[in-house]
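Structure at a glance
One letter stands for each residue in the lines below.
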Amino acid sequence: MLIGCHLSIGKGFPAAIDEAESLAMNAMQIFSHNASSWRMKEMTTEIAGSFRKRLAHSSVEYVVIHTMYLLNLASPDDALYERSILALEEEIRRAGMLGIDQIVTHIGAHKGSGIDAGIRRVRAALDRALASDSASGHPNVRVLLEDTAGAGTTMGTSFSEIGAIIRGLDDPRRVGVCLDTCHAFAAGYELRTADGLAKTLDEFDSEIGLSRLELVHLNDSKFPLGSRRDRHAHIGSGEIGIDGISQVVNHPSLRDLPFILETPKEIDGKGGADRVNLARVRSLREEKEE
Ligand SMILES: [Zn+2]
Ligand SMILES: [Zn+2]
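A few points on the structure. (Residues numbered from 1 in each chain as written. Chains lettered and ligands numbered in written order. Predicted model: local features only at pLDDT ≥ 70, side-chain atom pairs only at ≥ 80, totals over all residues. Heavy atoms only, no water.)

1. Some words on the nonpolar core
Soluble globular proteins tend to bury their nonpolar side chains together. In this structure, Met 28, Ile 30, Phe 51, Leu 126 and Leu 218 are the most contacted members of the largest nonpolar core, which totals 78 residues. It is helix α3 (residues 78-98) that provides the largest number of residues to this core, a total of eight residues. Among residues more than four places away in sequence, those in contact with Ile 30 are His 6, Leu 7, Ile 9, Phe 13, Ala 16, Val 63, Val 64, Ile 65, His 66 and Ile 100. Ala 27, Val 64, Cys 178 and Ile 260 belong to the second-largest nonpolar core, a separate cluster that totals eight residues. (Core = buried A, V, L, I, M, F, W, Y, C linked by side-chain atoms within 4.5 Å. Buried < 20%, exposed > 50% of the residue type's maximum accessible area, 1.4 Å probe, protein only. Helix = DSSP H or I, 4+ residues; strand = E, 2+ residues; numbered from the N terminus. Contact = heavy atoms within 4.5 Å.)

In structure tokens:
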């Protein structure tokens, strides 16, 4: 099973791999810079080279970069929109330099301009970023669109919206989807029962296509089904619960995908939560693998 957590690059890119290995992860997610700032520290060939070298000699098989939170590919504000497209291009370039084959991004919010206008804006942004020099210079890097919980005017709450964005792209081949279980559940997609999950994945398949699903963000949810509130909970301690998480990690359409946990880093007032959450997920899989 490909499994890991979102890890900090605060001590440098190679140190994130040290941390992944210390918890026996074979997959991991990182930011390529401070995710709450437009200012990106320059990615030098030295920094990228040291990461690639460390990665090649590690047990980590899958790495994904999560783009910064400020980016809004649906923004009706031209200045923010242009800045977001440049940021996406830069994330693609950084991923390519680091030898990372995928980035995952939130789509953004239409801010009142409406879903249809938002969809057109996002398509144009992706078309431009994917036609850019950064993208053509790093042809291996894929862009995964993440579903959202649906607070405010955020885009990507329904599978039909994500499907409409991808189908309208000039070249959809470099775009895939990341399913965040907390976000999907908060958006109203049932995951807790075999029937509920089957119905959710059927809808995903008809609106987007399961072949486009490349990554699962495995998070429990602090808030109930359809609450539209995005608060991640520890595995099995939220509203999805241990049975729901077990359905997800063992489902035939999902079980071979990489699972990245974005669960809180503290548990019972102490650190070490990643270890606890990873053990919970692994125990759910081991049962079925015997
Ligand atoms: Zn995300
Ligand atoms: Zn996520």
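2. What to know about the coordination of the zinc ion (ligand 1)
Here the zinc ion (ligand 1) is held by the protein donor atoms His 66 (NE2), His 106 (NE2) and Glu 146 (OE), which lie 2.1 to 2.2 Å from it. Between consecutive donors of the zinc ion (ligand 1), the numbers of intervening residues give the motif H-x39-H-x39-E. Between the zinc ion (ligand 1) and the zinc ion (ligand 2), a spacing of 3.3 Å is present, and a bridge between the two is formed by Glu 146. Of this pair, His 66 sits in strand β3 (residues 62-66) while His 106 is found in the loop between β4 (102-105) and α4 (115-131), placing the two residues 40 residues apart along the sequence. Classification of His 106 by relative accessible area gives partly exposed; the value is 23%. (Donors = N, O, S within 2.8 Å, 3.2 Å for Na, K, Ca; no water.)

3. Observations concerning the coordination of the zinc ion (ligand 2)
Listed as protein donors to the zinc ion (ligand 2) are Glu 146 (OE), Asp 180 (OD), His 217 (ND1) and Glu 262 (OE); their distances from the metal cover 2.1 to 2.2 Å. Relative to the metal, the four donor atoms surrounding the zinc ion (ligand 2) lie at angles of 88 to 175 degrees, and the coordination shape comes out irregular. Classification of Asp 180 by relative accessible area gives buried; the value is 0%. For His 217, a relative accessible area of 0% puts it in the buried group. (Tetrahedral: all angles 85-135°; square planar, octahedral: opposite > 155°, others 65-115°.)

4. A word on helix α1 (residues 13-22)
Burial in α1 covers these residues: Phe 13, Ala 16, Ile 17 and Ala 20. Seen from one end, α1 has its buried residues packed into an arc of 100 degrees, which puts them on one side. Elements that come into contact with the buried residues of α1 comprise β2 (27-31), α2 (45-56) and α3. Ala 24 lies just past α1 and shows a positive phi near 55 degrees. (Arc of directions from axis to C-beta.)

5. Points about the pairing of strand β6 (residues 175-180)
In terms of burial, β6 is largely enclosed, as six of its six residues are buried. By the alternation rule, side chains of β6 split into Val 175, Val 177 and Leu 179 and Gly 176, Cys 178 and Asp 180, which are all buried. As defined by bridge partners, strand β5 (residues 142-146) adjoins β6 across four bridges and the pair is classed as parallel. Looking at the pairing, Leu 144 lines up with Gly 176 of β6. Tracing the backbone out of β5, into helix α6 (residues 159-167) and back to the parallel element β6 gives a crossover that is right-handed. Here β6 runs beside strand β7 (residues 213-217); their pairing, made up of four bridges, is parallel. Along β7, the bridge assignment pairs Leu 179 with Val 216. (Pairing = 2+ DSSP bridges. Right-handed = clockwise from strand over helix to strand, strands pointing away.)

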